[in-house]
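Secondary and tertiary structure notes
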Amino acid sequence: DPAGDLLIADPLALAIRKLTGYGTPDAKLVTFAGASVVESVTRLNADPNRNEEGVALADATLLGPAGMCFDATGNLYVAEVGTTKAGTLAATLTGKQPIDPTFLPPSPPRIRKITPDGRIFTVAGPGGKLLTNPDAPDALVSPWRLAIDPQGRLIVVDIGANQLRFFPKGSY
């Protein structure tokens, strides 16, 4: 991040972790964004389409965060693979299913933006401005990595669709 701390996507814990003070005796790992797994599961089961636009990071329900990138103004973009893909990813990485998919309602993938003041918004996928219909032919499938190119476009590597998606500067 701009302060030199390391941000780590933790899709199995539905959170983003922050490592501060790497290489020093004061190093510590804290949750940067994402409610606890228990709180997230409770919220998703109560309302899978819950609107969380503008909530504080500790209150956000993250749906399997994966790739992240910063733009020039300090906004952090996060690719979320969705709850179904998070369970599949967990099984692939560990050889077992640590997240029982019956506890999580199916939630589609999306791209989120975290502003420097610590608020989170949906950019693409249900609730966002772009690719809002998860059943459309151009819907996000498995957004995995993100980047901002020199023209300011947000680039999404969607491994499930085998595509690079370019969101023009100002559209997100």
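Structure shown above.
I will try to describe carefully the structure that is included in this document. (Residues numbered from 1 in each chain as written. Predicted model: local features only at pLDDT ≥ 70, side-chain atom pairs only at ≥ 80, totals over all residues. Heavy atoms only, no water.)

As for the environment of Ala-13
Along the chain, Ala-13 turns up in the loop between strand 1 (6–10) and strand 2 (15–20). Given the relative accessible area of 15%, Ala-13 is considered buried. A C-alpha to C-alpha distance of 9.1 Å links Ala-13 and Pro-65, two positions 52 residues apart in sequence. (Helix = DSSP H or I, 4+ residues; strand = E, 2+ residues; numbered from the N terminus. Buried < 20%, exposed > 50% of the residue type's maximum accessible area, 1.4 Å probe, protein only.)

Looking at the nonpolar core
In terms of nonpolar packing, the biggest core is built from 14 residues, with Ile-111, Leu-146, Leu-154 and Phe-167 touching the most fellow members. Only strand 6 (76–80), strand 8 (119–124) and strand 10 (154–158) provide two or more residues apiece to this core. Each residue touching Phe-167, except ones within four places of it in the same chain, is listed here: Ala-124, Leu-130, Leu-131, Arg-153, Leu-154, Val-156 and Tyr-172. Listed in part, the 10 residues of the second largest apolar core include Ala-33, Leu-57, Ala-60 and Leu-62. (Core = buried A, V, L, I, M, F, W, Y, C linked by side-chain atoms within 4.5 Å. Contact = heavy atoms within 4.5 Å.)

Some remarks on unusual backbone geometry
The phi dihedral of Leu-14 falls on the positive side, at around 55°, and the residue is not glycine. When you line up the elements, Leu-14 lands in the loop between strand 1 and strand 2. Positive phi outside glycine occurs at Leu-131, with the angle close to 50°. Relative to the assigned elements, Leu-131 resides in the loop between strand 8 and strand 9 (143–148).

Notes on helix 1 (residues 37–46)
When helix 1 is considered as a whole, its buried residues turn out to be Ser-40, Val-41, Arg-43 and Leu-44. End-on view of helix 1: buried residues confined to an arc of 165°, all on one side of the axis. In this structure, helix 1 carries Val-38 and Ala-46 as exposed residues pointing more than 90 degrees from its buried face. (Arc of directions from axis to C-beta.)

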